[in-house]
Amino acid sequence: MSTQNTKGAVKIYVNGRKIEGANGDSIAGMLHKNRIDILGRSEKYHRPRGYHCGFGACGSCELNCNGQPGTVSCITPARDGDRVELKGGFPSVRFDLLRAADAFKVLLPAGFQFKLFAKQPKLAALAARFMGVLAGRGRMPSREEQERAMVKRVEQLEPDVLVIGGGMAGLQAALAAVDATRQVLVVDPDFAGGRSRVDTENTSAVRTFESTLDEVRSLAGVSLVEGTVIGALEGVFPVISGSTRFEVRPKRVIIATGFYEVPWRFANNDRPGVLLGDGALKLAEIEGASLGRRVVVATDRDRGHEVAERLQAVGGNVVGVIDRRDEGDCTSIAEHGLPVLWNCEVTSVTGLRRVRAVRFTVGEQRRRPRIETLKADALVVVGRRRPAEEFGLYLDHSGKRLPVLKVGGAGQLVTEADIAEQVQHFLKEQQ
C-alpha cells in the first residue's frame, strides 16, 4: 500500500550526515526510515521528542531546516539537499547530559523561571540567556537565511468565497461553491490530502482525493494557493506563501480545517515510539516506514481495531490490541491473528530514549490493580477526535464579522452530499 518511489531519489543532510529517502517523503518520515527517532528535546526537562501525530498538530517533531527554526517535519516534504539540524541536547540530541533535569523536576516547578531573580533584573536577564542555551534553542538564522524567509511581494485578492483548508472537505466545499459568477479561493499548506489519505471511517467521500483535486484544478472559477492563513483583521486574511503575502478580502468564509486526534494521558506518553493512529497509518502506508519490530495498538473504539489490521497488512508486527472496553466483536481481528486484551488500561511506557515496553492494568480498577507488561517498540493510540475549531473561534472575536460556515471535521459533516447541501444553503442565505 506504500505509494513512495524508489529509495535514494532524495538526499538530505542531518547534522552533517547524509541520509537517503524517496520523493514524497516528509522530513520526519525520512528520518524515521533511517532510524533517527529522536528529533529533538523538550526545552525544560530535555525529554526526547519524536514523530507523534503525523499531521503537524502536536509540535513534537519541530527542527531546523535550512536555517529556519520551528520547521514541522512531519508535514514538510524533504527536498534534495535540505540541511536539517535536530534541536536541543548536549553534547547531542541522542545523548543529552541535560536529560538529568528530568530527575530534578520536583525542584523545577512550573513557572520557576519567572520568579528567578525577580528583584534583580540584570541577573534575571543573564539567567534567561543561560536557560535559553540549556533549552537548546539553537542558533539564530543567518542574514541570508532570514532574507530567504522574508516577504518580497504582496498581492491583493478579493474572492467571493475563501475556503481555509484544502483537504477532502475543503475541496468538496469549493466544488459546491463555484459557479459561473462566483470566484473561490482555496488555501492549504500543501494540498496533500490531509487525513483523507488514511481515513479509517471512509465516510467523507466516494472518490479519491487525487481525482477531486484534479477536478477542482480544472475549474476556471477556483484558485488554489499553497500557503498558511495567519490571521484575520477587519475582514483581511493575510496568507503567507513562500516569499509572497496575499492580502485576501473575501465576502464569505468556509472553514474546513478538519480535526485532531486526542492523545491519552499516561506516564511517558511523549516518548518517541508513541504515535497516534492516523499518523501511524501515514508513516506505514504512505511513507513506507516500519513502526518497529513489535507494535501494540491501544484503543477504546472499533476504529482502533481497523488501524491494527491495516498496520498488520503493510508488514507491521502487531503483537496485541489493548482495548479499554469490557467486551466487543473481535471476529475481524481474530482473522488476522491479533490478540485482543479487553478491559485493560495503559498506565505507562518504559524506555529511556524510546518505547521498550507497555505497562497496563488488567480488569476493573481496584486499589491495587494487576499490572502487566508487554514488550514493544511502538505504541499506537487510537482514541477520540476533536474538531480543529481554533480558527473559527478566533474569527468570532477578530473585529469585522463575515459570514462563516464550518464544514468537514470542524463542522461535524462527513459526507459529500452533506457538505454540498450545507454550502448551497449557506450561500443562498448570504445572497
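Conventions we followed
Residues take numbers from 1 onward in each chain, read along the sequence in its written order. The predicted nature of this model means local features are confined to residues of pLDDT at least 70 and side-chain atom pairs, given and counted, to a pLDDT of 80 or more, with totals for whole chains, interfaces and linings taken over all residues. By convention in this description, side-chain values take in all heavy atoms of the structure and omit both hydrogens and water. Secondary structure follows DSSP: runs of H or I at least 4 residues long count as helices, runs of E at least 2 residues long count as strands, and numbering of each begins at the N terminus. Residues are treated as being in contact if the distance between any of their heavy atoms lies within 4.5 Å. Note on areas: Shrake-Rupley, 1.4 Å probe, and residue coverage restricted to the protein chains presented here. Throughout, exposure labels follow a simple rule: accessible area from a 1.4 Å probe, protein chains only, divided by the maximum for the residue type, with under 20% read as buried, over 50% as exposed, and the rest as partly exposed. Within 3.5 Å is the distance limit for a polar contact, defined as a pair of N or O atoms, with the added protein rule that one can donate a hydrogen and the other accept it, and that residues adjacent in sequence qualify only through two side-chain atoms. In this analysis, strands are considered paired if DSSP registers two or more bridges between them. Axes here mean lines fitted to C-alpha atoms, for a helix over just the part in contact, with angles spanning 0 to 180 degrees between N-to-C directions. Two helices cross in a left-handed way if the nearer one is turned anticlockwise from the farther one by less than a right angle. They cross in a right-handed way if the turn is clockwise. Residues were grouped as follows: Ala, Val, Leu, Ile, Met, Phe, Trp, Tyr, Cys and Pro as nonpolar; Asp, Glu, Lys and Arg as charged; and all remaining residues, including Gly, as polar. Take the residue count of a helix, subtract one, and multiply by 1.5 Å to get its expected span.

Student: Help me get a handle on the overall build of the chain, residues and values and all.
Tutor: Of regular secondary structure, the chain possesses eleven helices and 26 strands. Sequence separation of at least 24 residues holds for 62% of the intrachain contacts in the chain that already meet a minimum separation of 6. Total accessible area on the chain stands at roughly 21,900 Å², and carbon and sulfur atoms take up 52% of it.

Student: Lay out the side chain of Glu-247 with the relevant residues and their values.
Tutor: The topology assignment puts Glu-247 in strand E14 (residues 244-248). Accessibility expressed as a relative area gives 18% for Glu-247, which makes it buried. In this structure the side chain of Glu-247 is engaged in a polar contact, spanning 3.1 Å, whose partner is the side chain of Arg-245. Ignoring sequence-local partners within four residues, the contact set of Glu-247 consists of Val-154, Glu-155, Gln-156, Leu-157, Val-236 and Phe-237.

Student: Can you explain the pairing of strand E10 (residues 184-188)? Please cite residues and give values.
Tutor: The element E10 is largely enclosed, with a buried count of five among its five residues. Side chains Val-184, Val-186 and Asp-188 project from E10 onto one buried face, and the interleaved Leu-185 and Val-187 project onto a second face that is buried too. Pairing geometry for strand E9 (residues 161-164) and E10, over four bridges, is parallel. Its bridge partner lying in E10, Ile-164 is registered against Val-187. As paired elements, E10 and strand E11 (residues 222-226) share five bridges and run parallel to each other. In the sheet register, Val-186 faces E11, and the bridge partner there is Leu-224.

Student: Just give me the short version of the packing of helix H5 (residues 168-177) against helix H6 (residues 209-217), but keep the residues and values in it.
Tutor: As a packed pair, H5 and H6 sit with axes 10 Å apart at the nearest point and diverge in direction by 35 degrees. When you trace H5 past H6, the crossing you get is left-handed. Here H5 contributes Met-168, Leu-171 and Leu-175 to the contact with H6, which in turn contributes Phe-209, Thr-212, Leu-213, Glu-215 and Val-216. Looking at side-chain class alone, the contact of H5 with H6 contains six nonpolar, one polar and one charged residues.

Student: Give me the sheet that holds strand E7 (residues 83-85): which residues, what numbers.
Tutor: Strand pairing within a sheet occurs via backbone hydrogen bonds; the two strands may be parallel or antiparallel. If you walk across this open sheet you meet the five strands as E2-E1-E7-E5-E6, and the pairing is mixed. Strand pairing shows two members of the sheet lacking a second neighbour, strand E2 (17-21) and strand E6 (68-72), which therefore form its edges. For this sheet, the mean inter-axis angle between neighbouring strands, taken without regard to orientation, is 40 degrees. Examined bridge by bridge, strand E5 (residues 62-65) and E6 share three bridges and lie antiparallel to one another. Across the sheet, the residue bridging to Glu-62 is Val-72, located in E6.

Student: Describe the side chain of Thr-71, with residues and values.
Tutor: Of note, Thr-71 is situated in strand E6. When sequence neighbours within four positions are dropped, the list of residues in contact with Thr-71 reads Cys-61, Glu-62, Leu-63, Cys-65 and Thr-76.

Student: I'd like to hear about helix H8 (residues 302-313), residue by residue, with values.
Tutor: The end-to-end C-alpha distance of H8, which contains twelve residues, comes to 17 Å, matching closely the 16 Å that a straight helix rising 1.5 Å per residue would cover. Residues of H8 that are buried include every one of Arg-303, Gly-304, His-305, Val-307, Ala-308, Glu-309, Arg-310 and Leu-311, and no others. The first or second residue beyond H8 is Gly-315, which carries a positive phi of 100 degrees.

Student: If you had to explain the environment of Gly-383 to someone new, which residues and values would you point to?
Tutor: Following the sequence through the fold, Gly-383 ends up in the loop between strand E24 (378-382) and strand E25 (385-387). Look at Gly-383 and you get buried, because its relative accessible area is 2%. Along the sequence, Gly-383 and Asp-302 sit 81 residues apart, while their C-alpha atoms lie 9.8 Å from each other. Those residues in contact with Gly-383 that lie beyond four places of it in its chain are Trp-264, Asp-300, Arg-301 and Arg-303.

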